[in-house]
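Close look at the chain arrangement
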Amino acid sequence: MIPELGNFALIIALLLAITQAVFPIYGAQTGRVTLMRLARPAAHGQFFFVFLAYLCLLYSFVVNDFSVTNVARNSFSQLPVVYRITASWGSHEGSLLFWVLILALWTLAVALFSRRLPEDMVARVLGVMGMISIGFLAFLLTTSNPFLREFPIPMDGNDMNPLLQDWGMIIHPPMLYMGYVGFAVAFAFAIAALISGKLDAAWARWSRPWTTVAWAFLTLGIVLGSWWAYRELGWGGWWFWDPTENASFMPWIAGTALIHSLAVTEKRGAFKAWTVLLALTAFSLSLLGTFLVRSGVLSSVHAFATDPARGAFILGFLVVVIGGSLVLYAWRAPKMITGGQFTWFSREALLLGNNVVLLAALGSVLLGTLYPLFIDAMGMGKISVGPPYFNAVFVPLMAPVLFLMGIGPLVRWRGDSLPDVASRLKWALAVAVATGFLLPFTLDGFNPWATLGFFLAIWIALSVLVSFRERLKFSQGANRFSRLAALPLGFWGMQMAHFGMAIGIAGITVVANYESEKTVRMEVGSFTEMAGYTFTFRGHTEHDGPNYRAARGVVEVSKDGRTLYTLHPEKRIYNASGMPMTEAALHPSIWRDLYVSLGEPLDETTGAWAVSVFYKPFINWMWLGATLMVIGGFLAAADRRYRIAVKSRADAKAGVAAQGA
């Protein structure tokens with residue numbers, strides 16, 4: 001009965017989504033307040049029933065109800081409970097239900113935290129989100145129902161994909177989906193503004209914190225996915241330019257451009273057309289990523305193998321969403337008159353340049369991702385576009401963006417003096433140039449890519465310090481600490497995100513240019529040396545896990561004759577599928593990772609194995625930098641000026657109504 005209850009809950013949720021989409025927007029267009037006020041209760045009800053459906057699926061996984069096809073294909077009686085929970089979103093059907101749940105959660109959040117916004121605006125925003133829910137709930141019920149029954153009932157399940165049986169996958173998908181789906185809020189605000197025709201700075205202010213939170217979640221999801229791949233796949237890579245990785249990276253680039261464009265629209269009333277188009281683009285790319293992952297056109301460790309009918313449904317939905325939004329955009333384009341004027345050297349101009357280059361970089365990733373698919377679809381053969389293309393095209397395009405990141409926050413709105421800004425930044429520029437040029441000589445000789453990376457990292461970090469120094473000149477407080485505490489969270493968030501980018505660039509630069517790796521034949525007692533460390537293979541032991549058997553290696557790591565650590569890489573064979581998996585062992589520190597993985601056994605007589613050893617300098621700076629960016633995003637979204645501005649407008653509106661009465 002539990003699966004049937006889940007199916008019934010999805011049907012009720014679909015009916016509520018239709019109510020949420022149709023009546024509030026009609027009420028907003030005709031001025032009928034009663035219809036507008038249906039939006040919030042419909043959103044509350046939709047979340048309740050989607051959550052109920054997800055709980056039904058979760059229960060089926062936890063109790064091993066193999067009469068449910070989704071459970072039988074993606075779980076196993078020996079699977080630990082925590083992985084049965086994650087298996088609920090590890091399949092196409094389960095992950096799509098989880099997608100809908102996250103969308104319902106975002107919709108509920110908008111309904112709860114937008115009570116001070118104009119009633120007609122909230123009705124339109126929730127109505128648009130209801131339309132998106134209709135599409136995905138219909139997709140779920142018609143082609144991807146997670147509650148279908150299996151007959152005859154199998155004795156056991158096929159097991160969850162061993163690649164996903166890692167605790168990193170407990171937190172990576174929820175964070176990624178929170179970012180993916182979160183851009184639906186920015187999209188809904190943009191469509192609501194287009195429907196109403198009120199394309200002023202107000203909608204940008206309302207949309208900005210939601211967009212920033214979605215961007216922060218997507219940043220966290222991407223970096224957790226990268227960290228998972230680095231740990232789980234066993235060959236030391238942290239970014240592969242895999243098409244499915246790109247599917248999440250492209251909305252992130254568009255979202256980065258969007259949050260900067262929203263700042264200009266909010267502050268100066270400019271870039272209205274840009275901002276609306278970027279909001280449409282960010283969510284459209286999220287839908288494109290959903291299509292790529294679920295249509296069966298990709299073969300990837302991240303993708304779901306699905307039938308073409310599902311891909312056709314998503315493609316049709318994608319065409320309707322993108323086509324409809326672009327038609328509405330073109331209809332309202334004459335009303336998107338630009339705001340305040342600005343000179344060629346102003347914060348507006350630099351942010352415009354930032355967005356242009358970001359979109360060019362986005363285009364390069366989009367081309368490299370879709371072009372092989374297009375060639376294959378046209379029957380012109382199969383080609384592969386890999387890291388050489390992306391490194392040669394994307395990285396040079398991003399260098400100007402990173403350089404402008406150091407200048408932009410120090411330039412005034414409307415216009416500024418280039419000599420004045422240059423005077424404030426001259427020492428930062430000189431130190432960055434000198435350090436970027438000299439630092440590679442202390443490592444492994446001159447390297448132009450390393451020089452560029454070090455220069456940009458130090459330049460951004462020093463510009464953050466200059467920004468604080470300049471801001472403190474005009475802040476109030478008895479001492480420096482009180483003046484720092486008085487700075488708005490928006491400023492702290494921006495600078496922390498920029499500083500996190502500097503830390504991340506430094507980590508990427510060092511690990512990409514100075515890492516070491518080797519794969520060697522190692523018998524019991526043999527050793528290999530790398531980066532001053534000695535790795536000695538002491539053989540292996542047999543080990544039984546909850547649902548796998550493993551050969552567990554013993555590798556001693558020593559330096560200067562003193563044993564420091566013992567690492568235990570594993571080669572696992574999973575009981576249900578017989579699938580072999582490599583489980584790497586690593587010893588992390590802030591300065592480097594020591595990383596060891598077992599390959600294949602080479603000689604049973606001597607106990608020889610193929611062993612891969614990696615030295616990864618500064619790799620954890622990437623994760624640290626990304627974490628600072630995420631924290632910066634949440635700090636910026638929490639700035640109290642958004643709440644004060646909304647409250648003051650609501651109070652003013654109430655005052656006008658009272659005077660009229």
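What counts and what doesn't
Residues numbered from 1 in each chain as written. Predicted model: local features only at pLDDT ≥ 70, side-chain atom pairs only at ≥ 80, totals over all residues. Heavy atoms only, no water. Helix = DSSP H or I, 4+ residues; strand = E, 2+ residues; numbered from the N terminus. Rg over C-alpha atoms; globule rule 2.2 N^0.38 Å. Buried < 20%, exposed > 50% of the residue type's maximum accessible area, 1.4 Å probe, protein only. Contact = heavy atoms within 4.5 Å. Areas by Shrake-Rupley, 256 points an atom, 1.4 Å probe, with all protein chains shown as cover. Lys, Arg positive; Asp, Glu negative; His and termini not counted. Charge placed at Lys NZ, Arg CZ, Asp CG, Glu CD. Domains from an automatic or database assignment. Buried area = accessible area lost by both parts, 1.4 Å probe. Polar contact = N/O pair within 3.5 Å; in protein donor to acceptor, adjacent residues only side chain to side chain. Pairing = 2+ DSSP bridges. Axes fitted to C-alpha atoms, helices over the stretch in contact; angles between N-to-C directions. Parallel < 35°, antiparallel > 145°, perpendicular 65-115°, else oblique. Left-handed = near helix turned anticlockwise from the far one by under 90°. Nonpolar A, V, L, I, M, F, W, Y, C, P; charged D, E, K, R; others polar. Expected span 1.5 Å × (residues − 1). Bend = angle between axes of the 7 residues up to and from the residue. Phe/Tyr/Trp six-rings, centres within 6.5 Å; stacked < 30°, edge-to-face > 60°. Lys NZ or Arg CZ within 6 Å of the ring centre and 35° of its normal. Salt bridge = Lys/Arg side-chain N within 4 Å of Asp/Glu carboxyl O. Core = buried A, V, L, I, M, F, W, Y, C linked by side-chain atoms within 4.5 Å. pLDDT = per-residue confidence, 0-100.

Another point: the overall build of the protein chain. Check the secondary structure of the protein chain and you find 20 helices and 10 strands. Scaling as 2.2 N^0.38, a compact globule of 661 residues should have a C-alpha radius of gyration of about 26 Å, and the protein chain matches this with 27 Å. Sorting the 661 residues of the protein chain into buried and exposed places 56% on the buried side. Partitioning the intrachain contacts of the protein chain with sequence separation of at least 6 by distance along the chain shows that 73% fall at a separation of at least 24. Total accessible area computed for the protein chain in this model is approximately 27,800 Å², and 67% of it derives from carbon and sulfur atoms. Side chains of the protein chain give 48 positive and 37 negative charges; the mean places of these two sets differ by 17 Å.

Accessible area lost upon the coming together of the parts serves often as the stated size of an interface. Assigned domains within the protein chain: domain 1 (1–160) and domain 2 (167–333 + 352–369). Between the C-alpha centres of domain 1 and domain 2 the distance comes to 21 Å. Listed as interface residues are 36 residues of domain 1 and, on the opposing side, 36 residues of domain 2. When domain 1 packs against domain 2, close to 3,200 Å² is buried across both sides, 82% of that on carbon and sulfur atoms.

The residue Ser 114 is located in the loop between α6 (92–113) and α7 (119–143) in this model. Within the local environment of Ser 114, its side chain forms a polar contact with the backbone oxygen of Val 110, the two atoms lying 2.3 Å apart. Filtering out sequence-adjacent residues up to four positions away, Ser 114 remains in contact with Arg 40 and Val 122.

Of the strand pairs in this sheet, strand β2 (residues 527–530) and strand β3 (residues 533–544) are connected by four bridges, and their pairing is antiparallel. Counterpart to Phe 527 in the pairing with β3 is Thr 536. Taking the residues between adjacent antiparallel strands as the criterion, β3 and strand β4 (residues 548–559) are bridged by three residues.

Quick look at the packing of helix α3 (residues 39–62) against α7 now. Where α3 contacts α7, the two axes come as close as 9 Å, and the packing angle between them is 30°. Considered as vectors, α3 and α7 are oriented roughly parallel to each other. Here the hand of the crossing between α3 and α7 comes out left-handed. Between α3 and α7, the residues in contact are Ala 39, Arg 40, Gln 46 and Val 50 and Glu 119, Val 122, Ala 123, Leu 126, Ser 133 and Leu 137, respectively. Taken together, the residues of the contact of α3 with α7 break down into six nonpolar, two polar and two charged.

With that settled, consider helix α14 (residues 387–407). Here α14 is 21 residues long and its end C-alpha atoms lie 30 Å apart, about the 30 Å a rise of 1.5 Å per residue gives. Considering bend angle alone, the principal kink of α14 is centred on Val 395 and spans about 25°; proline Pro 396 follows within four residues of it. Buried within α14 we find Phe 390, Phe 394, Met 398, Ala 399, Val 401, Leu 402, Met 405, Gly 406 and Ile 407. Along its buried surface, α14 packs onto α10 (243–268), α13 (347–377), α15 (418–438), α16 (448–473) and α18 (489–514).

This structure, assessed with the given rule, holds 40 aromatic pairs. Ring geometry for Trp 241 against Phe 249: centres 6.0 Å apart, planes inclined by 70°, an arrangement best described as edge-to-face. Across the pair, Phe 249 and Trp 241 agree in class, each one buried. By the ring-pair criterion, three or more aromatic residues cluster together here, those being Trp 215, Trp 239, Trp 241, Phe 249, Trp 252, Tyr 389, Phe 390 and Phe 394. Between the NZ or CZ atom of Arg 332 and the centre of the ring of Trp 331, over which it lies, the distance is 4.0 Å.

Time to look at α10. Taking 1.5 Å of rise per residue, the 26 residues of α10 would be expected to cover 38 Å, and the 37 Å separating its terminal C-alpha atoms lies within 8% of that figure. Burial runs high along α10: 23 of the 26 residues are buried. Residue Asp 242 occupies the N-cap position of α10, its side-chain oxygen lying 2.7 Å from the main-chain nitrogen of Thr 244. Count one or two residues on from α10 and you reach Gly 269, which has phi positive near 70°.

Structurally, Thr 563 is set in strand β5 (residues 562–567). Relative accessible area serves as the criterion here: at 48%, Thr 563 is assigned to the partly exposed category. Once the C-alpha coordinates of Thr 563 and Thr 534 are considered, the two residues, 29 residues apart in sequence, prove to be 9.0 Å apart. Residues in contact with Thr 563, not counting those within four places in the same chain, are Glu 556, Val 557 and Ser 558.

With that settled, consider the pattern of salt bridges. Opposite charge on two side chains permits them to pair, given that their charged atoms come into close proximity. Applying the stated criterion to the full structure yields 24 salt bridges. With its nearest N and O atoms 3.8 Å apart, the salt bridge here joins Arg 149 to Asp 65. Of this pair, Arg 149 sits in the loop between α7 and α8 (168–196) while Asp 65 sits in the loop between α3 and α4 (69–74), and the two are 84 residues apart along the sequence. Between Lys 198 and Asp 120 there is a salt bridge whose closest N-O contact spans 3.6 Å. Note that Lys 198 is positioned in the loop between α8 and α9 (201–232) and Asp 120 in helix α7, a separation of 78 residues in sequence. A residue is classified by how much of its surface remains accessible, and Asp 120, at 19% relative accessible area, is buried. A single network of salt bridges, built from pairs that share partners, joins Arg 412, Asp 416, Asp 420, Arg 424, Arg 469, Glu 470 and Lys 473.

This part takes up the nonpolar core. Residues Trp 99, Trp 106, Phe 189, Trp 203, Trp 252, Val 276 and Phe 283 are the most contacted members of the largest nonpolar core, which totals 161 residues. When residues in this core are grouped by element, the largest group, 19 residues, is from α8. A domain-level breakdown of this core finds at least three residues from each of domain 1 (1–160) and domain 2 (167–333 + 352–369). With 17 residues, the next largest nonpolar core counts Tyr 533, Phe 535, Ala 551 and Val 613 among its residues.

With 94% of its residues at a pLDDT of at least 70, the protein chain reaches an overall mean of 88. Here residues 300–305 is a poorly scored stretch, pLDDT under 50, and it has 19 contacts once near neighbours within four places are set aside; other chains count. Residue range residues 645–661 is modelled with pLDDT below 50. Its contacts to residues more than four positions away, or to other chains, number nine contacts.

Glancing now at the packing of α6 against α8. Running from N to C, α6 and α8 cross one another at 55°; their axes reach a closest spacing of 9 Å. If you check the angle between α6 and α8, you find them oblique. For the element pair α6 and α8, the recorded crossing hand is right-handed. Facing Ser 95, Phe 98, Trp 99, Ile 102, Leu 103, Leu 105, Trp 106 and Val 110 of α6, the residues of α8 in contact are Pro 174, Tyr 177, Met 178, Val 181, Gly 182, Ala 184 and Val 185. Tallied by class, the residues present in the contact of α6 with α8 amount to 13 nonpolar, two polar and no charged.

This part is about the sheet that holds strand β9 (residues 592–603). Judged by pairing direction, the sheet is antiparallel, and its four strands sit side by side in the order β1-β10-β9-β8 without closing on themselves. One side of each edge strand has no neighbouring strand; the edge strands of this open sheet are β1 (516–522) and β8 (585–588). Sheet twist, expressed as the average angle between the axes of neighbouring strands with direction ignored, equals 15°. Against the sheet, α9 touches β8, β9 and β10 (608–617), its axis set at about 40° to β9. Relative to the sheet, α18 contacts β1 and β10, its axis offset from that of β10 by approximately 140°.

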